[in-house]
Amino acid sequence: MRRTIAVAAAVLAGATLVGQAASAVSVDTATRACLRTTYGISATRAIVSAKTLTAQQRARVARCTAAATTTTVAATTTTAATTTTTTTTTTTTTTVAADRTAPTLTLSREKGSSSSSTIIFYVTGNEAIDCTTISLTNGVDFTFKKISRIDSIRQNKTNECTITAQSTSERNGITYDSTLTAAATFSVSDAAGNAATSIQPTSITTNVTRT
């Protein structure tokens, strides 16, 4: 009888030690929150209030403890350097002196003598001249002698005007000295608008003989 009681006491003492070892589990706040979310409030209360955890409860606590572990990764900030390129523009200004000088003009003829009533003269400048500034009218830029009219004034070159005129000659074998002379109001301008009021020679003649 005494031996039976002693054995029972030893078994009870061993069971108590096993229960104490199994209940040594710390359930922190994060793990408890995981248990509530995953297994429900009732299951969580049972685990928290239990003196001894079952194998299933220990497994649930272990899963939530692992899930509640937070790994912090240091953030790396990369700053890219900004390169600014400045382009400098150089402006070159060229100043051209204004032309305020009148042209030098020369009067010439196509032929010294002709058998045609159509005769041609030239006004030539030492620079570009404006042929539109020469008048067709007798007495304005030129006076006519034995010339009935000026038909046209053409600018065939920048510095030359071609004057086509008609002689008053007749078909009688007589020579007519058809002459173009600079008038007192003679004025011919260059491309810049500078007016020349003289020309050399001042007059020129083409002898026209028609038979």
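For clarity, every value in this text was computed on a predicted model and none was experimentally measured.

Caption draft 1: Geometry of the overall build of the protein chain. Within the protein chain, the regular secondary structure consists of 4 helices and 10 strands. Put simply, the protein chain runs from its N terminus to its C terminus through helices and strands in the order α-α-α-α-β-β-β-β-β-β-β-β-β-β. By residue count, 27% of the 211 residues in the protein chain fall in the buried class. Considering only residue pairs separated by 6 or more positions, the protein chain has 66% of its internal contacts joining residues 24 or more positions apart. Working note: accessible area of the protein chain is about 14000 Å², and carbon and sulfur atoms make up 53% of it.

Caption draft 2: Here's a closer look at the sheet that holds strand E1 (residues 105-109). Pairing in this open sheet of 4 strands is antiparallel, and the strands run E1-E3-E6-E5 from one edge to the other. The strands lining the two open edges of the sheet, one partner per strand, are E1 and strand E5 (147-157). Strand after strand, the sheet turns through a mean of 20° between neighbouring axes, direction not considered. Sheet topology note: the E1/strand E3 (residues 118-125) ladder contains 5 bridges and is antiparallel. If you follow Thr106 over to E3, its bridge partner there is Thr124.

Caption draft 3: Layout of the packing of helix H2 (residues 29-39) against helix H3 (residues 41-49). Remark: H2 packs on H3, axes separated minimally by 7 Å, with the N-to-C direction vectors making an angle of 140°. Between H2 and H3, the interaxial angle falls into the category oblique. Contacts between H2 and H3 involve Arg32, Leu35, Arg36 and Tyr39 from the first element and Ile41, Ala43, Thr44, Ile47 and Val48 from the second. Grouping the amino acids of the contact of H2 with H3 by side-chain chemistry returns 6 nonpolar, 1 polar and 2 charged.

Caption draft 4: Representation of the environment of Pro103. Along the chain, Pro103 turns up in the loop between helix H4 (55-67) and E1. Judged by relative accessible area, Pro103 falls into the buried class, the value being 6%. For the pair Pro103 and Ala191, spaced 88 residues apart in the sequence, the C-alpha separation amounts to 9.4 Å. The contact partners of Pro103, leaving out residues within four places of it in the chain, are Asn126, Glu127, Ile129, Val188, Ser189, Asp190, Asn194 and Ala196.

Caption draft 5: Focus on the state of the cysteines. For the structure on display, the rule yields 2 disulfides. In this model Cys34 forms its disulfide with Cys64; the gap between the sulfur atoms is 2.3 Å. In this structure the cystine formed by Cys34 and Cys64 twists about its S-S bond by roughly -70°; its chirality is therefore left-handed. A residue pair is termed long-range when its members are at least 10 positions apart, and Cys34 in helix H2 and Cys64 in helix H4 qualify at 30 residues. Judged on exposure class, the residue Cys34 and its partner Cys64 are both buried. With its sulfur 2.0 Å from that of its partner, Cys131 forms a disulfide with Cys161. Because the torsion about its S-S bond is -95°, the bridge between Cys131 and Cys161 counts as left-handed. Placement of Cys131 in the loop between E3 and strand E4 (142-145) and of Cys161 in strand E6 (residues 160-167) is noted, with a sequence separation of 30 residues between them. Numbered by order of appearance in the sequence, the disulfide-linked cysteines of the protein chain pair as 1-2, 3-4.

Caption draft 6: Focus on the packing of H2 against H4. Two numbers describe how H2 lies on H4: the axes approach to 8 Å, and their chain directions differ by 115°. As H2 runs across H4, the sense of the crossing is right-handed. Here Thr31, Cys34, Leu35, Thr38 and Tyr39 of H2 lie close against H4, whose contacting residues are Arg60, Val61, Arg63, Cys64, Thr65 and Ala67. Split into classes, the residues belonging to the contact of H2 with H4 amount to 6 nonpolar, 3 polar and 2 charged.

Criteria and cut-off values
Residues numbered from 1 in each chain as written. Predicted model: local features only at pLDDT ≥ 70, side-chain atom pairs only at ≥ 80, totals over all residues. Heavy atoms only, no water. Helix = DSSP H or I, 4+ residues; strand = E, 2+ residues; numbered from the N terminus. Buried < 20%, exposed > 50% of the residue type's maximum accessible area, 1.4 Å probe, protein only. Contact = heavy atoms within 4.5 Å. Areas by Shrake-Rupley, 256 points an atom, 1.4 Å probe, with all protein chains shown as cover. Pairing = 2+ DSSP bridges. Axes fitted to C-alpha atoms, helices over the stretch in contact; angles between N-to-C directions. Parallel < 35°, antiparallel > 145°, perpendicular 65-115°, else oblique. Nonpolar A, V, L, I, M, F, W, Y, C, P; charged D, E, K, R; others polar. Disulfide = S-S within 2.5 Å. Left-handed = near helix turned anticlockwise from the far one by under 90°.

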